[in-house]
Amino acid sequence: MTLLQLFKSVAPYARPYKWLVVAALALTLVGSITAQVNAYVLQFTVNSIAQLLEDQKQLSEGLFIIAIITAILLGKEALSILITFGQKSFGEKIRIFVSRDLAQQVIERVLTYRLAFFSEDDSGSGKLQARIDQGVSSLTRTIQSFFIEIFPLFASAIVALIGMLNANIYVGLVALCIVPVYFFISLQQAKRLKGWRREIRSNRENRSGGIINILESITVIKSFNREDIEAKKQQDLQIALTETQMKTRSTNFKYDGLKTFIEQFGVVVIIILTAYLVLTGQMQIGAIMLHILLFNNVTAPIRQLHRIYGEVNDALIYAEGFFDILNAEEQVEQSGEYRPEKISGKFELRGVDFTYPNGTQALFNIDMTIQPDRITALVGLSGAGKSTLINLLDKFYEPDGGEILLDGVPLHDFDTHYLRENIGLVLQKNHIFSGTIAENILYGKPDASYEEMVDAARQAYIHDEIMKHAQGYESSALALSGGQQQRIAIARLFLKKPPIIFLDEPTASLDAVATEQIKNSLDAIKKGRTVIMVSHSISQYVDAEMIYVLKEGRVVEHGTHEDAYRQGGTYKEIFDAAARSLNVEKINNTISEGGGASASGADPRR
Ligand code: ADP
């Protein structure tokens, strides 16, 4: 990204505050002129005093001059304070407003991106967070420093240079010759630093990603006593980061030394030249003060240039990553416009292929018909592609071959929001947001009444348990057990009442009692809807009206339980293994001896 592109990208965010920008720039202009006052006043002072000495005047006769000088310097200082204050406060305001808008905008954008964006390697949550945070802070820091540092310094340098050229063309030319050399060296410095800055950025991202990984898997790390391995991984990242930082520092020291030398060289040349002009009577002695102070103003921004350059470079690098996220037009979820009165829920898949963004092909030539008002089960070993299929039906991903029709219309043409309003998804682990139980259930339908919410909770067999908490629906949802959280997710579904329901192993991580309760609540919601269910539990899929068996991304068998079993292939293998693992014989014996298991359909609402 170039500086110009950066400006273009940021400009729309600064536009609403254009009056602040104009005010800051106007102050900059005034400030760049007042910055030269000292140089001229000192020239005047030295010349006047020299004149007084030459005319052998009394001290009292100089008082008038001293009074004028004092008044000008103090007046100018007071003005400078006001200008600096104005610049800082306008610059700060612009920074705060723009940073707020950028941060909000990026969140709003990311929320519109398709799921594929989040499963890309570069978009791990830690990395994304780091890129956004660094992008916003570095961009806004740069905007601020443009207004309170870069513009004022450069404007003052230009005015000072004009002053020098005006005072004496040769003196001006010396400054004009030194500046490009100085500039060139700063450029070299900046280029050397640029690659390392990128390295530092990626090291920092990895480090913060690493810490998040540790926090997420702390139990596993501890149970395997692998603290030292994790510490070593972090240490390697730290070392890599430190090494790059040290290289950056040493490069800076070398270049800074060289630049100081060149600047001093310029000062010396100007002193010699001015002394010559004074001695040959072409100028008064005060010119030395004037030239050196003006030269000082000319070099001031370049003295800061490597730092400014660094900051701008940082901003360019971070901005690139940031605007890549913000302007990832191709990542915006596609939506058609089709919004039928009613969705009945017949899915037809014809020759569907799908490959994940990382290149894993998960589905091959899938042909499938999912009938409305029926329960269709997807059965297969782990990794067979069942969840992927559900992701496609929910339009989280688009197939890269073949087509998916819903009620005879390509899924692609459906309005995505409308489609998802009509689909209820229950996953193995449903996300519970921090907040109250009520807020979490209402996520299914934010405008539902209290009665509707309680009714949904009853249908999901969770109402009584919620009421056991002291604060009822106002208790924290995070305090619920896994099984209870799962039923909160189902209550959301009852509230939403979608015609199509996808159940992706909703009971896989639950204990037997919770599984039974959830099975009951799901049985209640399944009626009259299109249900697609992924499950490893025999009890859940044997009753399905249609079973599709997937193996390594392909449909290998389909039919009712009996049909599929009779084919003697993958389904039989899976079913037999599941039945064996249940130890049916022993279960039978136990139950017939103890007379149990009949209460399985008990209604917990009683
Ligand atoms: P199942 O639900 O049957 O266990 P999945 O649909 O989750 O299987 O996975 C099918 C294949 O796709 C597997 O090889 C898996 O590794 C791969 N896969 C799943 N999710 C992703 C993803 N987000 N990115 C890349 N590959 C994935």
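Just above sits the structure.
Reading the values: the criteria
- Residues numbered from 1 in each chain as written.
- Predicted model: local features only at pLDDT ≥ 70, side-chain atom pairs only at ≥ 80, totals over all residues.
- Heavy atoms only, no water.
- Near = heavy atom within 4 Å.
- Polar contact = N/O pair within 3.5 Å; in protein donor to acceptor, adjacent residues only side chain to side chain.
- Areas by Shrake-Rupley, 256 points an atom, 1.4 Å probe, with all protein chains shown as cover.
- Helix = DSSP H or I, 4+ residues; strand = E, 2+ residues; numbered from the N terminus.
- Nonpolar A, V, L, I, M, F, W, Y, C, P; charged D, E, K, R; others polar.
- Buried < 20%, exposed > 50% of the residue type's maximum accessible area, 1.4 Å probe, protein only.
- Contact = heavy atoms within 4.5 Å.
- Pairing = 2+ DSSP bridges.
- Expected span 1.5 Å × (residues − 1).
- 1 Å grid on protein atoms, 1.4 Å probe; cavity = no way out; pocket = protein on both sides within 12 Å on 5 of 7 lines; lining within 4 Å.
- Points joined across faces, edges and corners; volume = space filled by probe spheres on them.
- Salt bridge = Lys/Arg side-chain N within 4 Å of Asp/Glu carboxyl O.
- Axes fitted to C-alpha atoms, helices over the stretch in contact; angles between N-to-C directions.

(A) Layout of the site of the ligand. Taken together, 13 residues are adjacent to the ligand, and Gly383, Gly385, Lys386, Ser387 and Thr388 come closest. Between the ligand and the protein, one listed contact pairs an oxygen atom with a backbone N or O atom of glycine 383 at 2.7 Å. Contact with the protein chains covers 68% of the free accessible surface of the ligand, which is 560 Å². With 3 residues, helix α12 (residues 386-393) is the largest single contributor of residues to the shell around the ligand. Counted by class, the shell around the ligand contains 4 nonpolar, 8 polar and 1 charged residues.

(B) Broad picture of the environment of lysine 519. With respect to the helices and strands, lysine 519 occurs in helix α18 (residues 512-526). On the basis of relative accessible area, lysine 519 is assigned to the partly exposed category, the value being 22%. As for lysine 519 and serine 539, which are separated by 20 residues in sequence, their C-alpha atoms are 9.3 Å apart. Beyond its immediate chain neighbours, meaning those up to four positions away, lysine 519 contacts Ser539 and Gln540.

(C) Spotlight on the pairing of strand β7 (residues 500-504). The element β7 is extensively covered by neighbouring structure, given that 5 of its 5 residues are classed as buried. Where burial is concerned, the two faces of β7 agree: the one with Ile500, Phe502 and Asp504 and the one with Ile501 and Leu503 are both buried. The pairing of β7 with strand β8 (residues 530-534) spans 5 bridges and is classified as parallel. Looking at the pairing, isoleucine 501 lines up with valine 531 of β8.

(D) Structural context of unusual backbone geometry. Even without being a glycine, asparagine 225 presents a positive backbone phi close to 55 degrees. Within the element layout of this structure, asparagine 225 appears in the loop between α8 (218-223) and α9 (227-279). In this structure, glutamate 505 takes a positive phi of about 45 degrees despite not being glycine. Relative to the elements of secondary structure, glutamate 505 occurs in the loop between β7 and α18.

(E) A look at α18. In this model, α18 (15 residues) spans 20 Å end to end at C-alpha, consistent with the 21 Å of a helix rising 1.5 Å per residue. Taken residue by residue, α18 has Ala514, Thr515, Gln517, Ile518, Asn520, Ser521, Leu522, Ile525 and Lys526 as its buried positions. One or two positions beyond α18, positive phi appears at glycine 528, with a value near 70 degrees.

(F) A look at the layout of surface pockets. Of the voids in this model, the largest pocket is the one considered here, and its volume is about 1,300 Å³. Lining the largest pocket are 33 residues; nearest its centre among them are Phe396, Arg420, Leu425, Tyr443 and Lys496. Secondary-structure elements contributing two or more residues to the lining of the largest pocket are α4 (59-111), α5 (115-119), α12, α13 (416-421), β6 (423-426) and α17 (482-496). Looking at the lining of the largest pocket residue by residue, the classes come out as 15 nonpolar, 8 polar and 10 charged. Considering only enclosed or pocket space, the second largest pocket measures out at about 430 Å³ in volume. Forming the walls of the second largest pocket are 20 residues, and the residues nearest its centre are Gly31, Thr34, Ala35, Ser80 and Ser156. Every element with two or more residues in the lining of the second largest pocket is listed here: α2 (18-34), α3 (37-54), α4, α6 (125-167) and α10 (287-303). Across the lining of the second largest pocket, the residue classes tally to 8 nonpolar, 11 polar and 1 charged.

(G) Up close: the side chain of threonine 530. Position of threonine 530 relative to the elements: it lies in strand β8. The exposure class of threonine 530 is buried, given its relative accessible area of 0%. At 3.0 Å, the side chain of threonine 530 forms a polar contact with the backbone oxygen of glycine 345. Residues contacting threonine 530, with those up to four places away along its chain left out, are Ser344, Gly345, Ile370, Gln371, Pro372, Asp373, Arg374, Pro499, Ile500 and Ile501.

(H) Inspection of the pattern of salt bridges at higher detail. The tally for this structure, following the rule as stated, stands at 17 salt bridges. Here glutamate 333 and arginine 420 are joined by a salt bridge, their closest N and O atoms 2.7 Å apart. Of the two residues, glutamate 333 sits in the loop between α11 (305-326) and β1 (347-355) while arginine 420 sits in helix α13, which places them 87 residues apart along the sequence. Residues arginine 339 and aspartate 415 are paired through a salt bridge, measuring 2.9 Å at the closest nitrogen-oxygen approach. Taken together, the residues arginine 339 in the loop between α11 and β1 and aspartate 415 in the loop between β5 (409-410) and α13 connect sequence positions 76 residues apart. Among the charged side chains, a network of salt bridges with common partners joins Glu348, Arg350 and Glu403.

(I) Just the sheet that holds β8, in detail. Strand order across the open sheet formed by 6 strands is β6-β7-β8-β3-β9-β10, with mixed pairing between neighbours. The strands lining the two open edges of the sheet, one partner per strand, are β6 and β10 (554-559). Averaged over all neighbouring strand pairs, the angle between strand axes comes to 15 degrees, with direction disregarded. Against the sheet, α12 contacts β3 (375-379), β6, β7, β8 and β9 (546-551), and its axis sits at roughly 155 degrees relative to β7. Contacting β3, β7 and β8, α18 crosses the sheet at an angle of about 155 degrees to β7.

(J) Region of the structure containing the pairing of β10. Note: β9 against β10, 5 bridges, orientation antiparallel. Counted as the bridge partner of lysine 551 is arginine 554 from β10. Here β9 folds back onto β10 in antiparallel fashion, the turn holding 2 residues, of which glutamate 552 has a positive phi close to 45 degrees.

Geometry only, nothing functional implied.
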